[in-house]
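Structural features, examined
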2 protein chains.
Amino acid sequence: MADLVYQQVITDLNKRIMADEFANKKLPDERSLSEQYQVSRSSIKRALNVLANQGLIFKKRGSGTFINPLYLKNQSSFKYEGTNLGITDSLNTEGAKPSIQLLDFKVVPASQELQQDLFLTADEFVYEIKRLRLLDDQPFMIESGYIPIKLVPELNRQVVSGSIFNYVQETLNAAVTKSFLSISADSSNDNDQQLLQLKPTEPVGVMSGIFFLDDGTPFEVSNMRLHYQYMKYTTFVSTNS
Amino acid sequence: MADLVYQQVITDLNKRIMADEFANKKLPDERSLSEQYQVSRSSIKRALNVLANQGLIFKKRGSGTFINPLYLKNQSSFKYEGTNLGITDSLNTEGAKPSIQLLDFKVVPASQELQQDLFLTADEFVYEIKRLRLLDDQPFMIESGYIPIKLVPELNRQVVSGSIFNYVQETLNAAVTKSFLSISADSSNDNDQQLLQLKPTEPVGVMSGIFFLDDGTPFEVSNMRLHYQYMKYTTFVSTNS
DNA sequence: TCGTTTAATTGGACCGTTCCAATTAACAAA
DNA sequence: TTTGTTAATTGGAACGGTCCAATTAAACGA
């Protein structure tokens with residue numbers, strides 16, 4: 001994680017910024033940083049671009065590079081800081097203990113939509129995994145996942161009761177690092193209300209998507225219905241990537 | 001938009017991919033592309049990186065660059081394709097005519113939170129702009145925006161009844177290109193139900209954030225409550241940016 | 001003092017190269 | 001044919017350089 005030059009620069013600059021080392025909210029110019037870190041200006045630029053895309057700094061040609069004082073307020077329920085995109089590692093638990101309750105686990109034929117999303121033919125099968133996720137015994141997410149059996153032939157109840165992505169990373173040596181993610185809202189249905197302890201007027205947040213392995217293989221189609229108070233997705237949007 | 005070398009490569013590759021020119025789902029290697037386009041491999045890499053971060057292609061060292069066949073399904077309510085992040089230009093209207101109904105427009109002292117988010121002092125003022133957005137006369141979003149008066153001293157009811165970001169872009173020559181965005185869900189309150197024509201059990205999607213000018217100046221704090229059927233935020237998440 | 005012109009600063013785009021790591025293909029040996 | 005080794009392919013990281021554009025600072029003249 002930290003053997004790359006530009007990654008090291010990122011890490012160090014992050015520290016220095018958080019330590020308020022740049023009191024005037026302005027970073028040294030790129031040529032000076034290049035000198036300081038004894039790396040090429042290209043690597044400095046690469047590091048600064050990453051930070052800029054996170055909203056931590058703003059760059060202004062002719063003027064300089066400035067720290068965004070509002071970066072701190074950026075606290076989401078999801079962090080995406082681990083080595084994969086699994087909920088287990090991405091969730092901002094804030095001290096609460098996460099747990100998983102397995103609701104259902106079986107093998108079913110791939111529906112038409114699943115065939116399309118997971119590159120399967122009509123005669124192939126998928127695991128159907130329904131789980132309830134909790135934080136300190138408070139349920140907050142109903143998760144329905146579909147994974148081709150051919151990708152993980154040896155999935156069992158025990159594995160599925162824990163972090164599937166971490167299991168895959170250890171056994172198959174393939175990380176789940178990318179996904180299409182769609183976020184929406186919906187009224188709670190009877191099942192939601194019962195499992196998530198919601199009143200009929202209280203809604204759920206919906207996060208659904210397709211998760212990919214690093215090589216682009218679609219690994220899982222997932223549908224997550226969250227207690228509305230637990231869904232907060234925060235991001236930094238920039239048009240000039 | 002298209003005078004930059006790597007942008008041109010992006011545009012052209014996009015076309016070729018959409019035209020299904022690469023039937024085997026594999027792009028030429030970077031060195032060949034460099035030759036084809038008569039640009040450096042660095043520029044090719046830059047272009048491919050953008051496409052990879054959009055989820056359009058996957059790159060695999062030693063193997064090649066491959067097209068993601070699932071990219072098409074990626075249709076969001078929001079596109080972020082214009083020159084700024086305004087709703088007016090970002091909304092996927094699908095043929096419906098967008099309109100704005102001005103609910104309230106006044107100048108108020110900046111609250112403590114607004115002072116912090118917009119870099120204001122206690123004696124400064126902000127516009128408070130409440131608007132209802134519609135698509136073909138169907139209301140779908142209640143928008144509450146707060147903009148420092150010092151940034152746009154001449155805002156009036158007519159401007160505020162249209163696209164504020166476009167107005168700013170034309171008059172101040174400053175584009176709104178970046179924002180922190182937070183997405184969540186909430187039960188609908190009386191006001192929501194009345195304005196958005198919702199039943200008590202039907203929820204709203206909430207999108208709130210801070211919008212910045214290109215130079216990093218916080219321009220607007222916005223709170224948007226959407227009819228739940230109109231909120232669909234789709235994105236591509238990748239851990240190795 | 002004020003406004004204008006000129007120079008210095010600073011990030012942006014792009015080039016072309018070197019070395020490397022992961023993967024795949026080719027080849028040779030059993 | 002199968003298996004193990006070697007070579008070629010392909011993307012990744014990093015360097016260091018050129019030229020440019022936006023901005024700011026300095027110098028200058030009225």
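Quick caveat: nothing in here was measured; it's all calculated off a predicted structure.

Each value, and the rule that gives it
Residues numbered from 1 in each chain as written. Chains lettered and ligands numbered in written order. Predicted model: local features only at pLDDT ≥ 70, side-chain atom pairs only at ≥ 80, totals over all residues. Heavy atoms only, no water. Helix = DSSP H or I, 4+ residues; strand = E, 2+ residues; numbered from the N terminus. Buried < 20%, exposed > 50% of the residue type's maximum accessible area, 1.4 Å probe, protein only. Contact = heavy atoms within 4.5 Å. Areas by Shrake-Rupley, 256 points an atom, 1.4 Å probe, with all protein chains shown as cover. Near = heavy atom within 4 Å. Polar contact = N/O pair within 3.5 Å; in protein donor to acceptor, adjacent residues only side chain to side chain. Axes fitted to C-alpha atoms, helices over the stretch in contact; angles between N-to-C directions. Parallel < 35°, antiparallel > 145°, perpendicular 65-115°, else oblique. Nonpolar A, V, L, I, M, F, W, Y, C, P; charged D, E, K, R; others polar. Phe/Tyr/Trp six-rings, centres within 6.5 Å; stacked < 30°, edge-to-face > 60°. Lys NZ or Arg CZ within 6 Å of the ring centre and 35° of its normal.

**Remarks on the overall build of chain A**
When its secondary structure is counted, chain A shows eight helices and 10 strands. Buried residues in chain A amount to 51% of all 241 residues. Within chain A, residue pairs in contact and separated by at least 24 positions form 59% of the contacts whose partners lie at least 6 positions apart. Of the roughly 11,800 Å² of accessible surface on chain A, 46% is carried by carbon and sulfur atoms.

**As for the protein's contact with DNA strand D**
In the vicinity of DNA strand D lie 23 residues, with A:Val5, A:Tyr6, A:Ser43, A:Arg61 and B:Glu30 positioned nearest. The sugar-phosphate backbone supplies 62% of the atoms of DNA strand D found within 4 Å of the protein. A distance of 2.9 Å separates a base nitrogen of DNA strand D from a polar atom in the side chain of A:Ser42. Measuring from a base nitrogen of DNA strand D, one finds a side-chain N or O atom of B:Arg41 at 3.0 Å. Considering every element that reaches the surface near DNA strand D, the biggest residue donor is helix α3 (residues 41–53) of chain A, with three residues.

**Some remarks on the side chain of A:Ser187**
Mapping A:Ser187 onto the fold places it in strand β7 (residues 176–187). The exposure class assigned to A:Ser187 is buried, which follows from its relative accessible area of 18%. Setting aside residues up to four positions removed in sequence, A:Ser187 forms contacts with A:Asp192, A:Val204, A:Arg225, B:Thr201, B:Glu202, B:Pro203 and B:Tyr228.

**As for the packing of helix α1 (residues 5–18) of chain A against helix α2 (residues 30–37) of chain A**
All names here are of chain A. Here α1 crosses α2 at 105°, and the two axes come no closer than 12 Å. Compared by their axis directions, α1 and α2 come out roughly perpendicular. Contacts from Val9, Asp12, Leu13 and Arg16 of α1 reach α2 at Leu33, Gln36 and Tyr37. Among the residues forming the contact of α1 with α2, the class breakdown is four nonpolar, one polar and two charged.

**Considering the protein's contact with DNA strand C**
In the vicinity of DNA strand C there are 23 residues, among which A:Glu30, B:Val5, B:Ser43, B:Arg46 and B:Arg61 approach most closely. The share of sugar and phosphate among atoms of DNA strand C within 4 Å of the protein is 62%. In this structure, B:Ser43 approaches DNA strand C through a side-chain N or O atom, which is 2.4 Å from a phosphate oxygen. Elements with a contribution of two residues or more to the surface near DNA strand C: α2, α3, β2 (57–60) and β3 (64–67) of chain A together with α1 (5–18) and α3 (41–53) of chain B. By residue number, the principal contributor to the surface near DNA strand C is α3(B), which donates three residues.

**Notes on the packing of aromatic side chains**
Tallying each qualifying case throughout the model produces 16 aromatic pairs over all chains. With 5.5 Å between their ring centres and 35° between their planes, A:Phe140 and A:Tyr230 make a pair best called tilted. On the criterion of sequence distance, the pair formed by A:Phe140 in strand β6 (residues 138–148) and A:Tyr230 in the loop between β9 (218–227) and β10 (232–238) is long-range, its members being 90 residues apart. Overall, A:Phe140 belongs to the buried group, its relative accessible area being 2%. Plain terms: the ring middles of A:Phe165 and A:Phe219 are 5.8 Å apart, the flat faces sit at 70° to each other, and that makes the pair edge-to-face. Highlighted residues: A:Phe165 in helix α7 (residues 164–171) and A:Phe219 in strand β9, separated in sequence by 54 residues. Each of the two residues, A:Phe165 as well as A:Phe219, counts as buried. Members of the aromatic cluster, connected to one another through ring pairs, are A:Phe58, A:Tyr71, A:Phe236, B:Phe180 and B:Phe212. A:Arg46 extends its terminal NZ or CZ atom over the ring of A:Tyr6, reaching a point 4.0 Å from the ring centre.

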